[in-house]
Amino acid sequence: MEDKLLEKNENYKKIEEVIKYIDENFKDQPSIDTIAKYIGMSKYHLIRVFKEYVGVTPIQFLQSVTLNYAKEHLKESKSILDSALDIGLSSSSRLHDLFVNIIGVTPKEYKSLGENVEITYGFGNTPFGNALVAITKRGICYLGFYDEASKESVYTRFKEVWAKANLKEDNKKADEVLNSIFIEKDKKFNLYVKGTNFQINVWKALINIPDGSIATYSDVAKYLNKPKSVRAVASAIGSNPIGFLIPCHRVLGKSGAMTGYRWGIERKKILVAYEALKNKNES
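Nothing here was measured: the structure is a model prediction, and the numbers come from that model.

What counts and what doesn't
Residues numbered from 1 in each chain as written. Predicted model: local features only at pLDDT ≥ 70, side-chain atom pairs only at ≥ 80, totals over all residues. Heavy atoms only, no water. Phe/Tyr/Trp six-rings, centres within 6.5 Å; stacked < 30°, edge-to-face > 60°. Helix = DSSP H or I, 4+ residues; strand = E, 2+ residues; numbered from the N terminus. Buried < 20%, exposed > 50% of the residue type's maximum accessible area, 1.4 Å probe, protein only. Salt bridge = Lys/Arg side-chain N within 4 Å of Asp/Glu carboxyl O. pLDDT = per-residue confidence, 0-100. Contact = heavy atoms within 4.5 Å. Arc of directions from axis to C-beta.

Visitor: Tell me what's going on with the packing of aromatic side chains, and back it up with residues and numbers.
Guide: One pass over the full model with this rule turns up 15 aromatic pairs. With centroids separated by 5.5 Å and ring planes inclined at 35 degrees, the aromatic side chains of Tyr 121 and Tyr 155 adopt a geometry described as tilted. Of this pair, Tyr 121 sits in strand β2 (residues 118-126) while Tyr 155 is found in helix α7 (residues 151-161), placing the two residues 34 residues apart along the sequence. Of the two residues, Tyr 121 and Tyr 155, neither departs from the other in class, the shared state being buried. Ring centres of Phe 123 and Tyr 146 lie 5.8 Å apart, and the angle between their planes is 90 degrees; this geometry places the pair in the edge-to-face category. Remark: Tyr 146 occurs in strand β4 (residues 139-146) and Phe 123 occurs in strand β2; sequence separation between them is 23 residues.

Visitor: Could you give me a rundown of the pattern of salt bridges, with the residues and numbers involved?
Guide: Evaluation of the coordinates by the stated rule reveals two salt bridges. Arg 267 is paired through a salt bridge with Asp 147; the nearest N and O atoms lie 3.3 Å apart. Taken as a pair, Arg 267 in helix α12 (residues 265-282) and Asp 147 in the loop between β4 and α7 lie far apart in primary sequence, 120 residues in all. The class of Arg 267 is buried, set by a relative accessible area of 2%.

Visitor: So what about the confidence of the model for the protein? Which residues, and what values?
Guide: A residue-level look at the protein finds 78% of positions with pLDDT of 70 or above and a mean pLDDT of 81. Every residue in residues 87-98 scores below 50 in pLDDT, and together they form 21 contacts with partners more than four places removed in sequence or on other chains.

Visitor: Explain unusual backbone geometry to me, and be specific about the residues and the numbers.
Guide: With a phi angle near 70 degrees, Asn 116 is a residue other than glycine that sits in the positive phi range. Within the secondary structure, Asn 116 is located in the loop between α6 (107-111) and β2. What makes Asn 116 exposed here is its relative accessible area of 59%. Non-glycine residue Asn 225 carries a positive phi angle of around 60 degrees. In this structure, Asn 225 sits in the loop between α10 (217-223) and α11 (230-238). Assessed through its relative accessible area of 67%, Asn 225 is described here as exposed.

Visitor: So what about helix α2 (residues 32-39)? Which residues, and what values?
Guide: Buried residues of α2: Ile 32, Ile 35, Ala 36 and Ile 39, and no others. Viewed along the axis of α2, the buried residues span an arc of 100 degrees, placing them on a single side of the element. Looking one or two places after α2, you find Gly 40, whose phi comes out positive at around 75 degrees.

Visitor: Just give me the short version of α7, but keep the residues and values in it.
Guide: All buried positions along α7 are accounted for by Val 154, Tyr 155 and Phe 158. All buried residues of α7 project into a common sector of 100 degrees when viewed along the axis, lining one side. Opposite the buried face of α7, at more than 90 degrees from it, the exposed residues are Glu 152 and Glu 160. Tucked inside the fold, the buried residues of α7 contact β2, β3 (129-136), β4 and β5 (166-169).

Here it is, written out as C-alpha cells:
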C-alpha cells in the first residue's frame with residue numbers, strides 16, 4: 001500500500017508540472033507532444049500515467065482546469081448544491097458525512113491551546129503530494145499538503161494550531177493514516193478541530209458539498225444565513241486545518257477563479273479536476 005501511495009505521489013508531481021506549464025503557456029495551447037517533451041516523458045507514457053491517475057487523457061484533464069471549465073462546472077454544480085445544502089447540517093442524508101464527522105474541541109481546550117492533548121503526527125505521501133497528518137484519540141486534527149520548500153512552514157502552522165499539545169512524531173503511523181484516507185474505501189473519519197463556533201460551522205458546511213461539485217464563497221455564506229459575511233467565510237475556509245477531508249478546495253470565487261488555497265493553486269486545480277472527472281466517469 002505504501003508503494004502505491006509513493007507511485008501516486010510521483011504521478012502527482014508530474015501532473016503538477018504539467019499544470020504549471022499550461023498556466024504559463026496557455027495562450028499557445030501546447031500539444032501533447034510539446035507537453036511530453038517538456039516534462040521528459042514519451043507521449044504515450046504521459047498519456048498512460050494520466051489515464052491511470054484520473055481516468056482520462058491529458059488533453060481532457062488540461063481542458064478541465066481552465067477558467068471556462070470552472071465557470072461551467074459552477075453552473076452544473078448549482079442545482080446539486082441547492083439540493084445538498086438545503087438538506088441541512090443535521091440531516092441523516094448528508095453526503096460527505098457518511099464518512100466524515102467533525103468534533104469541536106471544548107471551550108477549555110480552545111483557551112488552553114490544546115494543553116495536555118496527546119497528538120501523534122508524521123509526514124508521508126498522498127496521491128496529491130506530500131502531507132503532514134496528525135491524530136488524537138478523538139480523531140484526525142490536522143492534514144496539510146506540502147512541497148519540499150514548504151514542509152517547515154506547514155509544520156509551523158500545525159504547531160501554532162496546537163501550541164501546547166504533547167506532540168509525538170511517528171511517520172509509520174502517518175503512512176497508515178494517509179493510506180486509509182486516500183487508498184482504502186468506505187472508512188469513516190472523526191475530525192477533531194480547534195476553531196471558533198463560526199469557523200466550525202463553515203467547515204461543517206463544506207463537508208456538505210458533494211464530491212465532484214464546487215461552490216462559491218457566497219454560496220457558503222448564504223447557506224449559513226450570513227449572506228453579507230463572504231469575507232469572514234473566506235477567512236474561515238482559508239484557515240481550514242484538515243485538507244481534503246474538509247474539502248475547502250471545492251470553493252471558488254464567483255468568476256470560477258481558483259484562488260486562495262493555502263496548499264497551492266496547482267494542487268487545488270488538480271483536486272477539483274480529479275473529482276469532477278472521476279465523478280463523471282462513474283456516473
